[in-house]
Amino acid sequence: MSGNMENSQFHEKDGVTEMANVRDAVNAVVAAVMAQKDYLTAVDAKTGDGDHGLNMARGFTEAQDRLAELPPDAPLGDVLRQIGRAFIENVGGAAGPLYGIAFVRAGEAVNAETRLDVRSFEKLFTCGIEAIERRGRAQRGDKTMLDTLIPIRDAFLPAQAEGKSLRECLEEALDAGRAGAEYTKTIVARRGRAALIGERSIGVEDPGAMSSLIMFRALCSYLRG
């Protein structure tokens, strides 16, 4: 997907993007992950257990089942929490607890003032990132999903986002996420099973960084209309 959103159908009013249906956004993300399931599994097989794509698919399949039990107009916070619990309770490896707690904490941060605007993107991503850092005892540069998620979040920080529209911030966040995922090819893994092979992990992208990019790229594509 191109990083340029200038010619896309992007509906923005008073700095807030109007997303008609949270479920449609989730479905777009799920479809993207399912389409890349085999790729994620193949990447993971080079440095780890070779189950990341399968785990992501399992988590989102369970999440969709849970969301089907919620009312159609369920608030964003409930949707995010259900996705998180689906991962925590049904997915093993690192992806389950880490993505799970990130979605749960982001869902808990949703309140009546949450909108799809720059400030809310920064807030929800920060909550998810902090949860992953605590649970995984990881930081940027460890060759994990954080190497994608933190650059994405940083594009929404006040220092970076001042004077920019949400569309512009999303475009910059997507470019930053791509660069972060690509960066993981150049560094040694310090967390997870990949850390066991040390220098041999260089040259391979981190599967968690890639699944994070796939999810955010799908969300951006949805918001483009």
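See the structure above.
Just so it is clear, the model here is predicted, and its values are computed rather than measured.

Thresholds, definitions, all that
- Residues numbered from 1 in each chain as written.
- Predicted model: local features only at pLDDT ≥ 70, side-chain atom pairs only at ≥ 80, totals over all residues.
- Heavy atoms only, no water.
- Phe/Tyr/Trp six-rings, centres within 6.5 Å; stacked < 30°, edge-to-face > 60°.
- Helix = DSSP H or I, 4+ residues; strand = E, 2+ residues; numbered from the N terminus.
- Buried < 20%, exposed > 50% of the residue type's maximum accessible area, 1.4 Å probe, protein only.
- Core = buried A, V, L, I, M, F, W, Y, C linked by side-chain atoms within 4.5 Å.
- Contact = heavy atoms within 4.5 Å.
- Axes fitted to C-alpha atoms, helices over the stretch in contact; angles between N-to-C directions.
- Parallel < 35°, antiparallel > 145°, perpendicular 65-115°, else oblique.
- Left-handed = near helix turned anticlockwise from the far one by under 90°.
- Nonpolar A, V, L, I, M, F, W, Y, C, P; charged D, E, K, R; others polar.
- Expected span 1.5 Å × (residues − 1).

Looking at the packing of aromatic side chains
As enumerated under the stated definition, the model contains eight aromatic pairs in all. Between Phe-60 and Phe-87, the ring centres sit 5.0 Å apart and the planes meet at 85 degrees, which makes this aromatic pair edge-to-face. Linking Phe-60 in helix H3 (residues 52-68) with Phe-87 in helix H4 (residues 76-90), this pair joins segments that are 27 residues apart in sequence. Accessibility classification places Phe-60 together with Phe-87 in one group, the buried group. Aromatic side chains Phe-121 and Phe-125 sit 6.4 Å apart centroid to centroid with 15 degrees between the ring planes, which places their arrangement in the stacked category. With Phe-121 and Phe-125 both in helix H6 (residues 118-136) and four residues apart, this pair spans about one turn of that helix. By the burial criterion, Phe-121 is buried, and Phe-125 matches it. An aromatic cluster is defined as three or more aromatic residues linked by ring pairs; in this entry it consists of Phe-60, Phe-87, Tyr-99 and Phe-103.

Concerning the nonpolar core
Ranked by internal contacts, the top residues of the largest apolar core, which has 56 residues, are Phe-60, Ile-83, Phe-121, Phe-156 and Phe-216. Only helix H1 (22-35), H3, H4, helix H5 (95-109), H6, helix H7 (146-154), helix H9 (166-183) and helix H10 (207-223) provide two or more residues apiece to this core. Broken down by element, the residue count for this core peaks at 10 residues, all from H10. Sequence-distant contacts of Ile-83, that is, excluding residues within four places in its chain, are made with Val-26, Phe-60, Ala-63, Leu-67 and Phe-103.

Topic: the packing of H4 against H5
The interhelical angle for the contact between H4 and H5, taken along N-to-C directions, is 160 degrees, at an axis separation of 7 Å. Classified by the angle between their axes, H4 and H5 sit roughly antiparallel to one another. Here H4 runs over H5; the crossing is left-handed. Here Gly-77, Leu-80, Arg-81, Ile-83, Gly-84, Arg-85, Phe-87 and Ile-88 of H4 lie close against H5, whose contacting residues are Ala-95, Gly-96, Tyr-99, Gly-100, Ile-101, Phe-103, Val-104, Ala-106, Gly-107 and Glu-108. A breakdown of the residues in the contact of H4 with H5 according to their chemical character gives 10 nonpolar, five polar and three charged.

Some remarks on H4
The α-helix winds at 3.6 residues per turn, so residues separated by three or four positions along the chain end up facing the same way. For H4, built from 15 residues, the straight-helix expectation of 21 Å at 1.5 Å per residue is met to within 8% by its first-to-last C-alpha distance of 21 Å. Looking at the buried residues of H4, the elements they touch are H1, H3 and H5.

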